[in-house]
Amino acid sequence: MDKSQQVSLSPTFVVALILSLIVYVSALFLTQPNSTLDLFYALEVLKFWQKGFWELLEFTLQMVLILIFGHALAISNPVNSLLVKLSKQIKSNTAAVLVTGMTAIAAGYINWGFGLILGAVLAREIGLRGREEGHHFNYPLIAASGYLGMMVWHGGFSGSAPLKVAEEGHFLSDQIGLIAINKTIFSDFNLYINVLLVLALIGTLMFLARKKSFKTSFPTQSNTKGIVQGKDKLGLVLGLLIMILGIADFFHSPQSLGFIDLNYVNFMLLGAGLLAFQSLSSFIKAVTIALTGAVEIILQFPFYAGILGIMKYSGLLLIFSEGMVALSSTNTFPLLAFLSAALVNFFIPSGGGQWAIQGPIIMDAATKLGLDQANMVMVFSYGDQLSNMLQPFWALPLLAITGVPAKDILKYTAYFFFVGLLVFGFGIYFLF
């Protein structure tokens, strides 16, 4: 076989397999009834894994769609045209960094896939403009700023955990019931922390942008291809219909935002994407491109569901929950949960997959300690998104679009990580 055609196994998939093995062995040693033979119980735990393997299919598809619809919208011609116009106004390094960072943050609050791709495309467009006009830009910092949407996304409109718990019949509904987004995403707790976070990130961007010790570097050539506009207008018709139906929901439930869940967000993203492309054939082509970024979710989520199956049906979940309660108090548990979520994200770089495994443990412990369940959902969310700044998994699309090596990005995102750690830690300790 030609070496150029060889492919390597994804490191994150390897981690998912290793975690599966660790949880399986833990269940064997920690949950085995004394009266059960080892061999028979080993097979029973495997059946727990099999039983849970397909229990998160709906959640898996929701995560796939929220990525590909956001990605498709980010590469649409109207959005791309706005980015080109915006890049033409950039004349200084500070402006380049701030505009890219704030655009990525704003888009990240709307949708994490949208923010990730939009930030990368804008960073590259500014880099190309800087090369053409001879500006002294810190391109790696601009590219790193384009990744900031992944620092805020879980507190926004595409947050996996807060949107999932707002959904009727979600997989934790028997444990915590339904929690509407006005208690999570739109809570005072989340809004205050995010205001502090954005202000702190703006200050960090300005500090880094004004440092003089950097070498000017730019992308060598454009590697983003536009999508040829189709002639049909079916996308426009379908998009209008979807958006009208989605907006009408606000009039049906004017006093509550309980109807906003993952399905609603995906419905509106689909409508926005169809309107942006107008042509159904063009939109399908954009979705085809975006699907390549969802492969890891499609393949790995069933394994995360299998892990959850072992933990839930073997009783391992209860053991872990009781352990967290024993190690903490009502004052320390929120910070412990936050830090543990940040740590676990290094091994499970998907917010949805991580919530499937860690969410039941955190929420069970929080219930036993009498803590506010809605705030605990957000505490988990903050930890998950924070370590994205040191976890390069979701940065892969950005690295491919900008052409900047991971090491050049991480030396700046490390600053974002430490600033976020301080802001979230302060907010959780004093505002929870």
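This one's a predicted model, so the numbers in the text were calculated from it and none came from an experiment. As a convention, each chain's residues are numbered from 1 in the sequence order in which they are written. For this predicted model, a pLDDT threshold of at least 70 governs which residues receive local features, and a threshold of 80 or more governs which side-chain atom pairs are given and counted, while totals over whole chains, interfaces and linings are taken from all residues. Calculated side-chain values reflect all of the structure's heavy atoms, with hydrogen atoms and water omitted.

> Can you walk me through the overall build of the chain in this structure?
Numbering goes from the N terminus for both helices and strands, where a helix is a DSSP run of H or I of at least four residues and a strand is a run of E of at least two. Along its length, the chain carries 21 helices and 0 strands. C-alpha atoms of the chain, sized along the principal axes, occupy 75 × 60 × 50 Å. Burial classes: relative accessible area under 20% of the type maximum marks a residue as buried, over 50% as exposed, and values in between as partly exposed (1.4 Å probe, protein chains only). Taking all 432 residues of the chain together, the buried fraction comes to 54%. Look at the contacts in the chain between residues 6 or more apart in sequence, and 82% of them connect residues 24 or more apart. Split by element, the accessible area of the chain, about 19,000 Å² in all, is 68% carbon and sulfur. The charge count includes Lys and Arg as positive and Asp and Glu as negative, but it does not include His or the ends of the chains. Charge coordinates come from a single atom per side chain, which is NZ of Lys, CZ of Arg, CG of Asp or CD of Glu. When the 23 basic and 21 acidic side-chain charges of the chain are each reduced to a single mean position, those positions are 17 Å apart. Working rule for contacts: check all heavy atoms of both residues, and any pair within 4.5 Å makes them a contact. With residues, only the protein chains shown are counted as cover, and all accessible areas are computed by Shrake-Rupley using a 1.4 Å probe.

> Explain the confidence of the model for the chain to me, please; I cannot follow it from the model alone.
As a note on interpretation, predicted positions should not be read in detail where pLDDT is low. The pLDDT score gives, residue by residue, the confidence of the prediction method on a 0 to 100 scale. Averaged over the chain, the pLDDT score is 88; the fraction of residues at 70 or greater is 93%. Confidence, read as mean pLDDT per element, is least for helix α20 (residues 396-402) in the chain (81) and greatest for helix α11 (residues 188-209) (97).

> In this structure, what is going on with the pattern of salt bridges? I would like to understand it.
Here the idea is simple: oppositely charged side chains can pair when their charged atoms come close. We count a salt bridge whenever a side-chain nitrogen from Lys or Arg sits within 4 Å of a carboxyl oxygen from Asp or Glu. Following the criterion strictly, the structure yields 8 salt bridges and no others. Beyond isolated ion pairs, a larger network of salt bridges with shared partners links Glu125, Arg129 and Glu132.

> What exactly am I supposed to notice about the packing of helix α17 (residues 333-344) against helix α19 (residues 373-386) here?
For any two helices packed against each other, the geometry is given by the interaxial angle and the distance between the axes. Angles run from 0 to 180 degrees between N-to-C directions of axes, and those axes are lines fitted to C-alpha atoms, restricted for helices to the stretch in contact. Here α17 crosses α19 at 35 degrees, and the two axes come no closer than 7 Å. Considering how the two elements wind past one another, α17 and α19 form a crossing that is right-handed. Contact with α17, carried on its side by Phe333, Pro334, Ala337, Phe338, Ala341 and Ala342, involves Met376, Val379, Phe380, Tyr382, Gly383, Asp384 and Leu386 of α19 and no other residues of that element. Side-chain classes are defined by residue name, with Ala, Val, Leu, Ile, Met, Phe, Trp, Tyr, Cys and Pro counting as nonpolar, Asp, Glu, Lys and Arg as charged, and the others, Gly among them, as polar. For the contact of α17 with α19, the class distribution of residues is 11 nonpolar, 1 polar and 1 charged. By convention the crossing between two helices is left-handed if the near helix lies anticlockwise of the far one by an angle smaller than a right angle, and right-handed if it lies clockwise.

> Honestly, the nonpolar core in this entry has me stumped. Any pointers?
For soluble globular proteins, the rule of thumb is that nonpolar side chains tend to be buried together. Core analysis: the largest hydrophobic core is formed by 137 residues, its most contacted members being Phe333 and Met376. If sequence neighbours within four positions are ignored, phenylalanine 333 has contacts with Met324, Ser328, Ile362, Ala365, Ala366, Leu369, Leu371 and Met376. Only buried residues count toward a nonpolar core. Its members are Ala, Val, Leu, Ile, Met, Phe, Trp, Tyr and Cys residues joined through side-chain atoms within 4.5 Å.

> Sorry, what's going on with the packing of α17 against helix α21 (residues 406-431) here?
Interhelical geometry of α17 versus α21 gives an angle of 150 degrees and a closest axis separation of 9 Å. The orientation of α17 with respect to α21, classified from their angle, is roughly antiparallel. Of the two elements, α17 crosses α21, and the hand of that crossing is right-handed. Counted together, Pro334, Leu335, Phe338 and Leu339 of α17 and Leu421, Phe424, Gly425, Ile428 and Tyr429 of α21 form the full contact between these two elements. Of the residues assigned to the contact of α17 with α21, the class counts are 8 nonpolar, 1 polar and no charged. Each angle gets one of four labels, with under 35 degrees taken as roughly parallel, over 145 as roughly antiparallel, 65 to 115 as roughly perpendicular, and the rest as oblique.

> Any chance you could explain the side chain of asparagine 388 here in plain terms?
Mapped onto the elements of the fold, asparagine 388 is located in the loop between α19 and α20. Discounting residues that sit within four places of it in the chain, asparagine 388 has contacts with Tyr147, Met150, Trp153, Asn345 and Trp394.

> Would you mind going over the environment of glycine 383 with me for this structure?
As for its placement among the helices and strands, glycine 383 is situated in helix α19. Separated by 175 residues in the primary sequence, glycine 383 and leucine 208 place their C-alpha atoms 24 Å from one another. The residues contacting glycine 383, other than those within four sequence positions of it, are Phe338, Ala341 and Ala342.

> Whenever I open this one, a nonpolar patch on the surface confuses me. Can you help?
Among the surface-exposed residues, Leu21, Val25, Phe29, Leu30, Ile319 and Phe320 lie close enough to one another that they form a single nonpolar patch of about 570 Å² accessible area. Considering every element that reaches the nonpolar patch, the biggest residue donor is helix α1 (residues 11-31), with 4 residues. Considering the arrangement of structural elements, one finds isoleucine 319 in helix α16 (residues 316-326). Given the relative accessible area of 34%, isoleucine 319 is considered partly exposed. Exposure above 30% relative accessible area and no salt bridge define the residues that can form patches, which grow by joining like charges within 9 Å and nonpolar side chains of Val, Leu, Ile, Met, Phe, Trp and Tyr within 5 Å.

> Can you help me understand the packing of aromatic side chains in this one?
To describe a pair of aromatic rings, one takes the distance between the centres and the angle between the planes. For this analysis, a ring pair means two rings from Phe, Tyr or Trp (six-membered ring only for Trp) whose centres lie within 6.5 Å, classed as stacked if their planes differ by under 30 degrees, edge-to-face if by over 60, and tilted for the remaining angles. On inspection of all chains with the given rule, the structure shows 22 aromatic pairs. Both rings, one in phenylalanine 59 and one in phenylalanine 301, keep their centres 6.0 Å apart while their planes meet at 65 degrees; by these two values the pair is edge-to-face. With a gap of 242 residues between them, phenylalanine 59 in helix α3 (residues 57-74) and phenylalanine 301 in helix α15 (residues 295-314) connect regions that are remote in the sequence. Across the pair, phenylalanine 301 and phenylalanine 59 agree in class, each one buried. For the pair tyrosine 429 and phenylalanine 430, a centre-to-centre distance of 5.0 Å together with 85 degrees between the ring planes defines the contact as edge-to-face. Overall, the relative accessible area of 54% leaves tyrosine 429 in the exposed class. Counting every residue linked through ring pairs, the aromatic cluster contains Phe13, Trp49, Phe53, Trp54 and Phe303.

> For this particular structure, what's the right way to read α15?
The periodicity of an α-helix, 3.6 residues per turn, causes residues three or four positions apart to be oriented the same way. By this rule, a helix spans an expected 1.5 Å times one less than how many residues it contains. Over its 20 residues, α15 runs 30 Å from end to end, which matches the ideal 28 Å to within 8%, given 1.5 Å per residue. Positive phi shows up at glycine 315, right after α15, with a value of about 95 degrees.

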